[in-house]
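# Structural features, examined
Now for the letters of each chain:
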Amino acid sequence: MVNPNFNKDAYQQLLNSSTSKSVTINGKYNLSGWLLDYAGTNDLVIYFGGINEDASTAALRIQEQQIRDKVYTGYDIAVVDWPQYGKSSGKATETSLKEAAVLITKYFSNKSDTGRIVIIGYSMGTGPAVYAAAQTGCDGLILLSPYYNANDLYNNVVNVFHGPFEILQSYKMPTNEFAVYVNVRPLIVASRADKRVPYDSSARLSEVFEKGAILMTLENTEHGDIP
């Protein structure tokens, strides 16, 4: 369920960029990533990436495609690597991803110059994103191709993980259990053409949040194109 990687070329390009600042968060895990810091902004997007994304790749994509100017106007953007990804220490597991998501959110929440915080999770990162939102609170939550729980992901590949066979799963990530404690109404983006995360899994998750959710349905967008 995890695929640790590090894009050295993207990392070097961001080091030479005037709008990207390297971030190091020390705690149970030493986490490394980027803050895309723009003049005159205090509100912040925290982006939790997917299985194949490291922080440098995601941050550089946002810069190169000018996504920030089109979508995130008025927001700084933080992208920090999961344990074992990029230059972050530790091992990527269900527990470490959840703990890292909380550590990252608290780090930026405690900075005196941070305004509103919007958490965005994509694919694998949606479970930890919901967990962080439940544990720390946030001002907004956007979930791109989220899953009800990891059991849906396993069975989407090989449909055998039912009953006693669920014990074979090392990565469970029950996003639905975290969602009931989230204090905002999230936006959920899901596609019927998504072959990695079943659309029905995202739709079921949208029904769990106490304040409801906005479900935006795409018809023909593949998983990797959703961000």
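Above this note sits the structure.
This write-up is about the structure you can find in this document. (Residues numbered from 1 in each chain as written. Predicted model: local features only at pLDDT ≥ 70, side-chain atom pairs only at ≥ 80, totals over all residues. Heavy atoms only, no water.)

Right, let's talk about the packing of helix 1 (residues 8-15) against helix 2 (residues 55-64) for a bit. Contact pair helix 1 / helix 2: the axes reach a minimum separation of 8 Å and the direction vectors enclose 55 degrees. Classified by the angle their axes make, helix 1 and helix 2 are oblique. In terms of crossing hand, the pair formed by helix 1 and helix 2 is left-handed. Contact with helix 1, carried on its side by A10, Y11, Q13 and L14, involves S56, T57, A59, L60, Q63 and E64 of helix 2 and no other residues of that element. Taken together, the residues of the contact of helix 1 with helix 2 sort by class into five nonpolar, four polar and one charged. (Axes fitted to C-alpha atoms, helices over the stretch in contact; angles between N-to-C directions. Helix = DSSP H or I, 4+ residues; strand = E, 2+ residues; numbered from the N terminus. Parallel < 35°, antiparallel > 145°, perpendicular 65-115°, else oblique. Left-handed = near helix turned anticlockwise from the far one by under 90°. Contact = heavy atoms within 4.5 Å. Nonpolar A, V, L, I, M, F, W, Y, C, P; charged D, E, K, R; others polar.)

Read from one edge of the open sheet, eight strands run 1-2-4-3-5-6-7-8, paired in mixed fashion. Each end of this open sheet is capped by a strand with a single partner; those strands are strand 1 (20-25) and strand 8 (214-218). Averaged over neighbouring strand pairs, the angle between their axes works out to 20 degrees when direction is ignored. Where helix 2 meets the sheet, its contacts fall on strand 1, strand 2 (31-36), strand 3 (43-48) and strand 4 (75-80), and the angle it forms with strand 2 comes to roughly 5 degrees. (Pairing = 2+ DSSP bridges.)

Positive phi values are uncommon outside glycine, yet Q84 reaches one of about 80 degrees. Relative to the assigned elements, Q84 resides in the loop between strand 4 and helix 4 (94-109). Classification of Q84 by relative accessible area gives partly exposed; the value is 35%. At S145, a residue that is not glycine, the phi angle is positive and equals roughly 60 degrees. Inspection of the secondary structure puts S145 in the loop between strand 6 (140-144) and helix 6 (150-157). (Buried < 20%, exposed > 50% of the residue type's maximum accessible area, 1.4 Å probe, protein only.)

Once that is clear, we can look at the packing of aromatic side chains. Pairs of aromatic rings are described using the distance from one ring centre to the other and the angle between the two planes. The tally for this structure, following the rule as stated, stands at five aromatic pairs. On the basis of an interplanar angle of 75 degrees and a centroid distance of 5.0 Å, the ring pair of Y131 and F178 is categorised as edge-to-face. One end of the pair, Y131, is in helix 5 (residues 126-136); the other, F178, is in helix 7 (residues 175-179), with 47 residues separating them in the sequence. For F178, a relative accessible area of 10% corresponds to the buried category. Members of the aromatic cluster, connected to one another through ring pairs, are F6, Y11 and W34. A cation over a ring is seen here: K87 above Y11, with NZ or CZ 5.1 Å from the ring centre. A cation over an aromatic ring shows up here: R192 above the ring of Y199, its NZ or CZ 4.5 Å from the ring centre. (Phe/Tyr/Trp six-rings, centres within 6.5 Å; stacked < 30°, edge-to-face > 60°. Lys NZ or Arg CZ within 6 Å of the ring centre and 35° of its normal.)

Ranked by internal contacts, the top residues of the largest apolar core, which has 43 residues, are F48, F108, I119, L141 and F209. Per-element tally for this core: the top contributor is helix 4, with five residues. Excluding residues that lie within four positions of it along the chain, F48 makes contacts with W82, A101, I104, T105, I119, I120, G121, Y122, G125, A129 and A132. Membership of the second largest hydrophobic core comes to 25 residues, among which are I67, Y72, I77 and V118. (Core = buried A, V, L, I, M, F, W, Y, C linked by side-chain atoms within 4.5 Å.)

Listing the buried residues of helix 1 in full gives A10, Y11 and L14. Down the axis of helix 1, the sector holding all buried residues measures 105 degrees, keeping them to one side. Facing away from the buried side of helix 1, by more than 90 degrees, are the exposed residues K8 and D9. In the core, the buried residues of helix 1 are packed alongside strand 1, strand 2 and helix 2. Between the side-chain oxygen at the start of helix 1 and the backbone nitrogen of D9 there is a gap of 3.2 Å, and the oxygen is on N7. (Arc of directions from axis to C-beta. Polar contact = N/O pair within 3.5 Å; in protein donor to acceptor, adjacent residues only side chain to side chain.)

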